[in-house]
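Summary of structural features
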Amino acid sequence: MITADCSILKEHLPLIDTRLEQLLPVNGPGSSTDVIKAARYALLGPGKKLRPSLTLASYLLYHDDPTPILDAACSIEMIHTYSLIHDDLPGMDDDDMRRGRPTVHIAFSEATAILAGDLLLTHAFGTLADMHLPSDIKLRMISEMSRFTGGFNGMIAGQAMDLQSEGKALTESALEQLHSLKTGALIELSVLFGVLGARPPENEKALLMKFAKLYGLAFQVADDIADILHPEEKHGKTISSDLANNKMTYVSLLGLDGASKKAHMLISEAEECLRQLGGSALRLGAFLELLKS
Ligand code: GRG
């Protein structure tokens, strides 16, 4: 199971946490509202910050100072947190616990949780627009964030497919499409932001994006396996919401052994991308190691 104790995550965590705190300040007329408190509760809580770490690590393959890309990394964590707040709502997965604590609608209220998610989604785009990067790069990031997180070919499309899949048997390719969008798209965007900031040669960009695609799917397969092997550690309760909501997972489709083989296959292919890149790119292998534990 992935924990924030892993060194690649620990390396970036203080920088990300400090900046997230600054980006969601307690000031302005809205600051006394529960919505800001709820957004801060979720965003500054004990998440692993895996996606912003991926952005920083991808960018740092080409540069020494992560400062120029830090807000882009933080904007991804805002989107991720909004998606979790909304996913936990009674109308969606109906989860009471997340990261070992009550979910936002339990700790505050359902209406506050909806607004806190909306706040983080909106603020993510504003954060990108306000960055100190050339305008063409910022515009591309804003456009890609909309595409990768949206409802046509992004995270919301995956979530919509997930909602419609309840109680249905899916083929492996349908499950793969669902998860590549629902979970994978944001992970791909995390690497893409590092790449857009660093501007590596085209062939290296292609290999990094192939790595990101494989990693996004491997992350979901590993998550499905962890749901079965470590349910309490993951959710603070004994049954995963996918099982409770009668949703198909890689484990229910392929069995535990089959899902483990699938994860290994995806991880090996992702490792091959890093081997082809060589040099400092091998550092990204640490993210793959997280999925093996
Ligand atoms: C509601 C628009 C909308 C989208 C929701 C991503 C998503 C789409 C829902 C999350 C459901 C879920 C738990 C999927 C499994 C993979 C996943 C995203 C796990 C949580 O990511 P971690 O482990 O979480 O990086 P932390 O808590 O560390 O931030």
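Criteria and cut-off values
- Residues numbered from 1 in each chain as written.
- Predicted model: local features only at pLDDT ≥ 70, side-chain atom pairs only at ≥ 80, totals over all residues.
- Heavy atoms only, no water.
- Helix = DSSP H or I, 4+ residues; strand = E, 2+ residues; numbered from the N terminus.
- Contact = heavy atoms within 4.5 Å.
- Near = heavy atom within 4 Å.
- Polar contact = N/O pair within 3.5 Å; in protein donor to acceptor, adjacent residues only side chain to side chain.
- Areas by Shrake-Rupley, 256 points an atom, 1.4 Å probe, with all protein chains shown as cover.
- Core = buried A, V, L, I, M, F, W, Y, C linked by side-chain atoms within 4.5 Å.
- Buried < 20%, exposed > 50% of the residue type's maximum accessible area, 1.4 Å probe, protein only.
- Phe/Tyr/Trp six-rings, centres within 6.5 Å; stacked < 30°, edge-to-face > 60°.
- Lys NZ or Arg CZ within 6 Å of the ring centre and 35° of its normal.
- Axes fitted to C-alpha atoms, helices over the stretch in contact; angles between N-to-C directions.
- Parallel < 35°, antiparallel > 145°, perpendicular 65-115°, else oblique.
- Left-handed = near helix turned anticlockwise from the far one by under 90°.
- Nonpolar A, V, L, I, M, F, W, Y, C, P; charged D, E, K, R; others polar.

What about the side chain of His105?
One can find His105 in helix 5 (residues 104–107). Look past the residues within four positions of His105 in its chain and what remains in contact with it is Asp88, Leu89, Pro90, Asp95, Asp96, Glu110 and Ala113.

Structural notes on the site of the ligand
The full set close to the ligand counts 18 residues, and Lys48, Arg51, His80, Arg99 and Asp223 are the nearest of them. Side-chain polar atom of Lys48 to an oxygen atom of the ligand: 2.5 Å apart, as the coordinates give it. In the environment of the ligand, an oxygen atom lies 2.7 Å from a nitrogen or oxygen atom belonging to the side chain of Arg99. Taken by itself the ligand offers 700 Å² of open surface, and the protein chains cover 91% of this. Mapped by element, the contributors of at least two residues to the shell around the ligand are helix 4 (70–88), helix 8 (155–164), helix 9 (172–198) and helix 10 (202–229). The leading source of residues in the shell around the ligand is helix 4, at six residues.

Digging into the nonpolar core
Core analysis: the largest hydrophobic core is formed by 85 residues, its most contacted members being Met141, Phe193, Phe211, Tyr215 and Phe287. Dropping the residues within four chain positions of it, Tyr215 is found in contact with Leu50, Leu54, Ile187, Phe287, Leu288, Leu290 and Leu291.

Points about the environment of Asp118
Mapped onto the elements of the fold, Asp118 is located in helix 6 (residues 110–129). On the basis of relative accessibility, which here comes to 30%, the residue Asp118 falls in the partly exposed class.

Here we look at the packing of aromatic side chains
Counted under the stated rule, the structure contains three aromatic pairs. An aromatic cluster is built from Phe211, Tyr215 and Phe287, whose rings are joined through pairwise contacts. Cation over ring: Arg101 sits above Tyr41, and NZ or CZ is 3.9 Å from the ring centre.

Digging into the environment of Thr249
Within the secondary structure layout, Thr249 lies in the loop between helix 12 (241–244) and helix 13 (250–277). Exposure remark for Thr249: the relative accessible area of 7% places this residue in the buried category. Each C-alpha atom of the pair Thr249 and Val221 lies 8.1 Å from the other, and the pair is 28 residues apart in sequence. Residues in contact with Thr249, not counting those within four places in the same chain, are Leu175, Asp224 and Asp242.

Details of unusual backbone geometry
Non-glycine residue Asp94 carries a positive phi angle of around 55°. Here Asp94 is to be found in the loop between helix 4 and strand 1 (97–98). With a relative accessible area of 43%, Asp94 lands in the partly exposed category.

Comments concerning the packing of helix 10 against helix 14 (residues 285–292)
Running from N to C, helix 10 and helix 14 point in directions that differ by 20°, and their axes come no closer than 10 Å. With respect to each other, helix 10 and helix 14 are oriented roughly parallel. Here the hand of the crossing between helix 10 and helix 14 comes out left-handed. Contact residues: Phe211, Tyr215, Ala218, Phe219 and Ala222 in helix 10; Phe287, Leu288, Leu290 and Leu291 in helix 14. Tallied by class, residues from the contact of helix 10 with helix 14 come to nine nonpolar, no polar and no charged.

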